[in-house]
Amino acid sequence: MAHNVDIESWRRGRNDVPDWILIAIRALSTLMFLFVLTRILGKKQISQLTFFEYVIGITLGDLAGNISTDVEANYVHGVIAILIWVFVPLVLEILTLKSKTLRVWFEGNGRVLIKDGKILEGNLKKERYTGDELLEQLRTKGVFRVADVEFAILESSGDLSILLKSENQPLTPKHIGLKMAIEKPTQAVIMDGVIQNELLADAGKSRGWLQDELEKLGVAKENVFLGQVDTHGELTIDLFDDKIVIPASTDRPAVLACLKKCEADLELYSLTTHNSEAKQMYERCSIQLTKIIQQVHTILRA
């Protein structure tokens, strides 16, 4: 009898609170709860989804919506359901790390759709893929001829991976035996008018250097929305006010980069030309330019 009285009292107390307040409280608590669980599940839940992950994502969203807006439903029961839908895939993810069979079962396998420039129609049918859909996927990868493709594999995530034939692949410095300087990542040293000290140090620069560069451009750091230092040590900036014209930079590392590019171009020309006289001329110029770069390297990098 006392238990029934307690339930009735709780219901009367709950009825005194407007539904919109209950919904707001349930929605905020569910949002924080799902955020924590998503961090536990990992980044795969926000990347290309497999079939199993797709089903989990939809179900979790539906459960979260129901327990947030249905004020008559038991909130604890909804939380238990969400925990089960998170716990099971988490356990399966751990198991699939150790079992190839389980990975294939839950995540699927890639399927070859093009081999040696020929479409495998049987595999297209198995994936319920039409020729138009295949051509559309190829175009999104910048490929317009099926004959140019060595392999095309439809991954379990639904993405199409393409390997072009050797003669259709882009030419790189490695193909012609050129050794290029190691590229360093561009660092955002100013963000929203604030100097990013850690990234500035990663770029090998000091606050004094940055201040000098800004003074050369006639800009205060408070007016800079984004400032970046590239692999050659050159500062480029973007201002809050897009109407302000920034003077062109004459930084010395840019000059060094230009000289190195000319050196690489001369080596490329000497390797690709069939004229013996031109080949010798390019080689002589390349050797001379290399010596010049070695002489001015320290000055231009300062």
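Our subject is the structure listed above.
Counting starts from 1 at the beginning of each chain's written sequence and moves along it residue by residue. Where local features are concerned, this predicted model is filtered to residues with pLDDT of at least 70; where side-chain atom pairs are given and counted, the filter is 80 or more; whole-chain, interface and lining totals use all residues. The side-chain numbers reported here are obtained from all heavy atoms of the structure, hydrogens and water having been left aside.

(A) A look at the sheet that holds strand 6 (residues 194–195). The pairing criterion is simple: DSSP has to find at least two bridges between the two strands. What counts as a helix is a DSSP run of H or I of at least four residues, what counts as a strand is a run of E of at least two, and both are numbered from the N terminus. With respect to topology, four strands assemble into an open sheet ordered 6-5-7-8, the strand pairing being antiparallel. Two strands bound the open sheet, and with one partner strand each, they are strand 6 and strand 8 (235–239). Note: strand 5 (residues 187–191) against strand 7 (residues 224–229), four bridges, orientation antiparallel. Bridge pairing in strand 7 links Q187 to V229. Should any heavy atoms of two residues lie within 4.5 Å, those residues are considered in contact. Note on geometry: axes are lines fitted to C-alpha atoms, helical ones only across the stretch in contact, with angles between N-to-C directions running from 0 to 180 degrees. Taken strand by strand, helix 9 (residues 207–217) contacts strand 5, strand 6, strand 7 and strand 8, and its axis lies near 60° from that of strand 8.

(B) Representation of the pairing of strand 8 within the structure. Three labels apply to residues, based on accessible area from a 1.4 Å probe with only protein chains included: buried if under 20% of the type maximum, exposed if over 50%, partly exposed otherwise in between. Burial along strand 8 is one-sided: the face carrying L235, I237 and L239 is buried and the face carrying T236 and D238 is not. Pairing geometry for strand 7 and strand 8, over five bridges, is antiparallel. Within strand 8, the position partnered with V224 by the bridge is L239. Between strand 7 and strand 8, which pair antiparallel and follow one another directly, the connecting turn spans five residues, one of which, G233, has a positive phi of 80°.

(C) A look at the nonpolar core. The set of buried Ala, Val, Leu, Ile, Met, Phe, Trp, Tyr and Cys residues whose side-chain atoms join them within 4.5 Å is what this entry labels a nonpolar core. V189, I190, L210, L214, V224, L235 and I237 are the most contacted members of the largest nonpolar core, which totals 14 residues. Among the secondary structure elements, those contributing two or more residues to this core are strand 5, helix 9, strand 7 and strand 8. Ranked by residue count, the leading element in this core is helix 9, at four residues. In this structure, V189 is in contact with V194, I195, Q196, L199, L200, L210, G227, Q228, V229 and L235, ignoring residues within four places of it in sequence. Membership of the second largest hydrophobic core comes to 12 residues, among which are L124, L134, V149 and L160.

(D) Summary view of helix 4 (residues 75–96). A helix is expected to span 1.5 Å multiplied by its residue count minus one. If you check helix 4, its first and last C-alpha atoms are 32 Å apart, about what 22 residues at 1.5 Å a residue would give, namely 32 Å. The complete set of buried residues in helix 4 reads G78, V79, I82, V86, P89, L92 and T96. Two or three places before V76, at the opening of helix 4, N74 has a side-chain oxygen 2.9 Å from that residue's backbone nitrogen. We call two N or O atoms a polar contact when they sit within 3.5 Å, provided that within protein one can donate a hydrogen and the other can accept it, with sequence-adjacent residues counted only if both atoms are side-chain atoms.

(E) Inspection of the pattern of salt bridges at higher detail. Take a side-chain nitrogen of Lys or Arg and a carboxyl oxygen of Asp or Glu: if they are within 4 Å of each other, that pair is a salt bridge. Applying the stated criterion across every chain, the model contains six salt bridges. K221 is paired through a salt bridge with E222; the nearest N and O atoms lie 3.2 Å apart. Of the charged contacts, one joins K261 and D265 as a salt bridge, the two residues approaching to 3.2 Å between their closest N and O atoms. One end of the pair, K261, and the other, D265, are both in helix 10 (residues 252–272), four residues apart, so they sit about a helical turn from each other. The exposed category is assigned to K261, whose relative accessible area is 53%.

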